[in-house]
Amino acid sequence: MNDVISTIFNINTLAAAIRMATPIALAAMGGAFSERSGIINIGLEGMILIGAFAGVLGSFYTGSPWFGVFLAMVAGGLLGAIFALFTIKFKADHVVAGVGLNILTLGFTTWLMQILWGSRGTSPNVNGLKEISIPVLKDIPVIGKLLGTQSPLVYLMFILVFSGWVLLFKTPLGLRIRITGEHPEAADTLGINIKGIQYFSVILSGILSGLGGVYLSLGHLNWFSMNMSAGRGYMALAANIFGQWNPLGGLAASFLFSFTDAIQMRLQSLNIGIASELIQMLPYLLTIVVLAGAVVRSRPPEALGKHYETGK
Amino acid sequence: MPEGVKVINRLKNLSGISDLIYSLIAIIIALLIGAVLIFVSGYNVIDAYYNLFYGAFGNIYNLSQTLLKTTPLIFTGLAVAIGFKTGLFNIGGEGQLYWGALATAIVALTFSNLNSFILIPLSLLAGALVGGIWGAIPGYLRAKTGAHEVITTIMLNYIGILATTFLLKNYFKEPGPVDQTALIPEAARLTELIPYTRLTWAIFLGVFVIIIIDLLFKKTSLGYDLQAVGENPAAAEYAGIRPEKMIVFSMIISGAVAGLAGSTMVMGVLHRFITNFSPGYGFTGIAVAVLGRNKPWGVLLAALLFGALEAGGMSMQLFAKIPMDLMTIVQGLVILFVAAPALIQILSEVFKKSRGGGYSE
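Quick notes on the rules
- Residues numbered from 1 in each chain as written.
- Chains lettered and ligands numbered in written order.
- Predicted model: local features only at pLDDT ≥ 70, side-chain atom pairs only at ≥ 80, totals over all residues.
- Heavy atoms only, no water.
- Contact = heavy atoms within 4.5 Å.
- Buried area = accessible area lost by both parts, 1.4 Å probe.
- Salt bridge = Lys/Arg side-chain N within 4 Å of Asp/Glu carboxyl O.
- Polar contact = N/O pair within 3.5 Å; in protein donor to acceptor, adjacent residues only side chain to side chain.
- Helix = DSSP H or I, 4+ residues; strand = E, 2+ residues; numbered from the N terminus.
- Nonpolar A, V, L, I, M, F, W, Y, C, P; charged D, E, K, R; others polar.
- Phe/Tyr/Trp six-rings, centres within 6.5 Å; stacked < 30°, edge-to-face > 60°.
- Lys NZ or Arg CZ within 6 Å of the ring centre and 35° of its normal.
- Patch = residues over 30% accessible without salt bridge, like charges linked within 9 Å, V, L, I, M, F, W, Y side chains within 5 Å.
- Areas by Shrake-Rupley, 256 points an atom, 1.4 Å probe, with all protein chains shown as cover.

Counting residues at the interface gives 48 residues for chain B and 42 residues for chain A. Between chain B and chain A, the buried area comes to about 4000 Å², and carbon and sulfur atoms account for 83% of it. Summed over the shared surface of chain B and chain A, the result is 2 salt bridges. The partner of Asp325 of chain B in a salt bridge is Arg120 of chain A, with the nearest N and O atoms 2.8 Å apart. For the pair chain B and chain A, the number of links is 7 residue pairs in polar contact (both at pLDDT 80 or more). Elements represented by at least two residues in the side of chain B that touches chain A include exactly helix 2 (19–40), helix 6 (116–145), helix 7 (149–172), helix 12 (281–291), helix 14 (325–339) and helix 15 (341–356) of chain B. Tallying contributions element by element places helix 7 of chain B first for the side of chain B that touches chain A, with 14 residues. Residue classes in the side of chain B that touches chain A are distributed as 36 nonpolar, 10 polar and 2 charged.

Have a look at this one:
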């Protein structure tokens, strides 16, 4: 039993959890921007998926994983723009449109995979991103093991989440985003371009989710597989709620999810007599428990999910 | 005229467009975008859509395959529509149908010595009951804690599929390499309408359930209460309806209907429970409900359409070699377009202008 515990709860599990938190935390921050501006973004799942796909596509054709990263952000941003167009201009119900977008993306990526590579399952191997070592950091005990050598996207995630927090809570633009989602009438009276703010926030959420997606396909793997996002967009949404629509809170919640996921993977490899199906349930169960327990004290932005028309 | 009044008038005009025409426009746009994708990928569009149409309606056998694919979609589409009526978005049809299917198979195998008249209703009941229980969980969580059902039902899909696989493997598996139960007894199987087509009278059961749900919403006070909560929870509560109770009820009924999708698959098509048997009927049900505008009879028409796309899509893949995933794309597009009322309005204005020389007011 002690063996089991020491195999599960060790520094490698923590390092894995940091890696696995990266896509969820990026998408959760996307959710924070979108929802702070009043747009419920169930489409995060599709945005992660298109990012994962576009990354492999870019790396496949140019051989450069960094071009893949760029393409993933473009693709995620484009999908964000489409989602923004439907929810803001065409007044689609946010949740229904988001689910539609996710189904569309799943079909589209699988279709393209079959057209381009003749397989619905997985893409060919491409160049993935290489891990980098941070000189001084990697020699510090514990921290060095956790953060010394990681994918560049992991470091980027930490920088972006912190910048996102600054942008949302410490700048005039962030204030405008929050007012738009909280009280669009007041924002309108102050002369804030509500739709502009919402387009900006939703497109940004697409770019961030696309970046999260490319971490899945090029971060420590080097291929794309069908439905690679596997519910992470919904977990990100739950992490965003648990994190109180705050990028830093979202990161903490994402870490909780990914830690469970990392434990789950370790338990499976240990063969301790618990059926793998039951172990695999852990992250999904945790999402439900967190969501059911958290909402008591969280309060979503006041105008979330509503359509606002200037002057109405 | 102030801008706000204009918008309100526009929305009024919009509700004047009948739901049917509205849905048709959405389908046509989706199929047009599909055609563009087929063309861009270097395939022959006419060849593709001919095979799609012929594969769905070309002869009696193809038509029967369309109806076969329609049957589970009636149940899963209806399940989503029932939730919508109460303002809930049940994405958990997939998990609910797996539970329904497993429960049906277990009951049919356990009571295999009973005769059809008892065993068939009993097996169906088991599927509906267990599907309903699985649906009750996100309903209860939503009512008690506010946990959004979109996320909880999706998580419960993963958990449901894993849990049914776990139960199957450990307690009900037939010896052999495939994770499946033994075949259910003849007495629990639904009879085929046309030999060798696997099309059974399950489709009539689907229509029957549509009638029941339609009556529930139109003629009963429970149906009225459910819809009142969907339209305005605060007003419903003021009128003495308990929204929490209605949310749980709605999810139980919704889950039970989705469970029946699994039951009829086991009793009519597979004759056993097999892991991962559903190609996503629960998710296609979302498209069916949205396209059917959450009306029971609308769901029937939409299920027919998606059944046809599914059956036709298979022959399109077989004969024109075009990936069937195109149908998933069409489904996603249909949901997006039906969800966006202002888009159709803008399109119809553009259309009017191009015909009427700019006199759109």
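Another point: the packing of aromatic side chains. The geometry of an aromatic ring pair is captured by two quantities: the separation of the ring centres and the angle between the planes. Overall, the coordinates contain 19 aromatic pairs over all chains when judged by the stated rule. The interplanar angle of 5 degrees and the centroid separation of 4.3 Å between the aromatic rings of Tyr284 of chain A and Tyr158 of chain B together place this pair among those described as stacked. Placement of Tyr284 of chain A in helix 15 (residues 282–294) and of Tyr158 of chain B in helix 7 is noted, with the two residues assigned to different chains. Chaining the aromatic ring pairs together yields one cluster made of Phe53, Phe60, Tyr61, Trp117 and Phe224 of chain A. Over the ring of Phe217 of chain B we find Lys85 of chain B, and its NZ or CZ is 5.3 Å from the ring centre. A cation sits over an aromatic face here: Arg293 of chain B above Tyr22 of chain B, 4.5 Å from the ring centre.

This part takes up a nonpolar patch on the surface. Residue and element names in this part refer to chain B. A cluster of nonpolar side chains, Leu20, Leu24, Ile28, Leu32, Leu301 and Leu304, forms an exposed patch at the surface whose accessible area comes to about 570 Å². Broken down by secondary-structure element, the contributors of at least two residues to the nonpolar patch are helix 2 and helix 13 (296–319). Top contributing element to the nonpolar patch by residue count: helix 2, with 4 residues. In this fold, Leu32 is placed in helix 2.

By themselves, these observations are geometric and do not establish any function.
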